[in-house]
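# Observations on the three-dimensional arrangement
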Amino acid sequence: MSVDPKILEIIVCPQCRGDLILETESLFCKICALDYPIRNKIPVLLIDSARKRG
Ligand SMILES: [Zn+2]
């Protein structure tokens with residue numbers, strides 16, 4: 001799953017404004033440990049859709 005690098009440069013975690021790390025099927029915020037899903041190559045940056053990583 002790929003996301004446009006230009007998009008990655010401008011998006012931040014909606015909860016903490018931290019940088020997001022692109023992973024296979026999600027974007028991960030290492031500051032608040034939330035995983036945001038990527039659907040159809042579009043990152044879903046909604047706190048309600050994010051999953052807390054244990
Ligand atoms: Zn965050």
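Above this text is the structure in question.
Our subject in this report is the structure included herewith. (Residues numbered from 1 in each chain as written. Predicted model: local features only at pLDDT ≥ 70, side-chain atom pairs only at ≥ 80, totals over all residues. Heavy atoms only, no water.)

## Remarks on the coordination of the zinc ion
The protein atoms that coordinate the zinc ion are Cys13 (SG), Cys16 (SG), Cys29 (SG) and Cys32 (SG), at distances of 2.1 to 2.3 Å. Given the relative accessible area of 0%, Cys29 is considered buried. (Donors = N, O, S within 2.8 Å, 3.2 Å for Na, K, Ca; no water. Buried < 20%, exposed > 50% of the residue type's maximum accessible area, 1.4 Å probe, protein only.)

## Quick notes on the side chain of Ser26
Residue position: Ser26 is located in strand 2 (residues 26–29). Polar side-chain contacts of Ser26 include one of 2.9 Å to the side chain of Asp35. Ser26 has contacts with Ile21, Asp35, Tyr36, Pro37, Ile38 and Arg53, leaving out every residue within four places of it along the chain. (Helix = DSSP H or I, 4+ residues; strand = E, 2+ residues; numbered from the N terminus. Polar contact = N/O pair within 3.5 Å; in protein donor to acceptor, adjacent residues only side chain to side chain. Contact = heavy atoms within 4.5 Å.)

## Notes on unusual backbone geometry
A positive phi angle, close to 65 degrees, is found at Arg17, a residue other than glycine. Positionally, Arg17 belongs in the loop between helix 1 (5–10) and strand 1 (20–22).

## Some remarks on the packing of aromatic side chains
Enumeration over the complete set of coordinates arrives at zero aromatic pairs. Here the basic side chain of Arg53 rests over the ring of Phe28, its NZ or CZ set 3.8 Å away from the ring centre. (Phe/Tyr/Trp six-rings, centres within 6.5 Å; stacked < 30°, edge-to-face > 60°. Lys NZ or Arg CZ within 6 Å of the ring centre and 35° of its normal.)

## Regarding the pattern of salt bridges
Side chains carrying opposite charge are able to pair once their charged atoms draw close together. A full pass over the atoms with the stated rule returns two salt bridges. A salt bridge links Glu23 to Arg53, with the shortest nitrogen-to-oxygen separation between them at 2.7 Å. One end of the pair, Glu23, is in the loop between strand 1 and strand 2; the other, Arg53, is in the segment after strand 5 (51–52), and 30 residues separate them in sequence. Between Asp35 and Arg53 there is a salt bridge whose closest N-O contact spans 2.6 Å. Taken together, the residues span a long stretch of sequence, with Asp35 in strand 3 (residues 34–39) and Arg53 in the segment after strand 5 at a distance of 18 residues. With relative accessibility at 15%, the residue Asp35 sits in the buried group. Exposure remark for Arg53: the relative accessible area of 33% places this residue in the partly exposed category. (Salt bridge = Lys/Arg side-chain N within 4 Å of Asp/Glu carboxyl O.)

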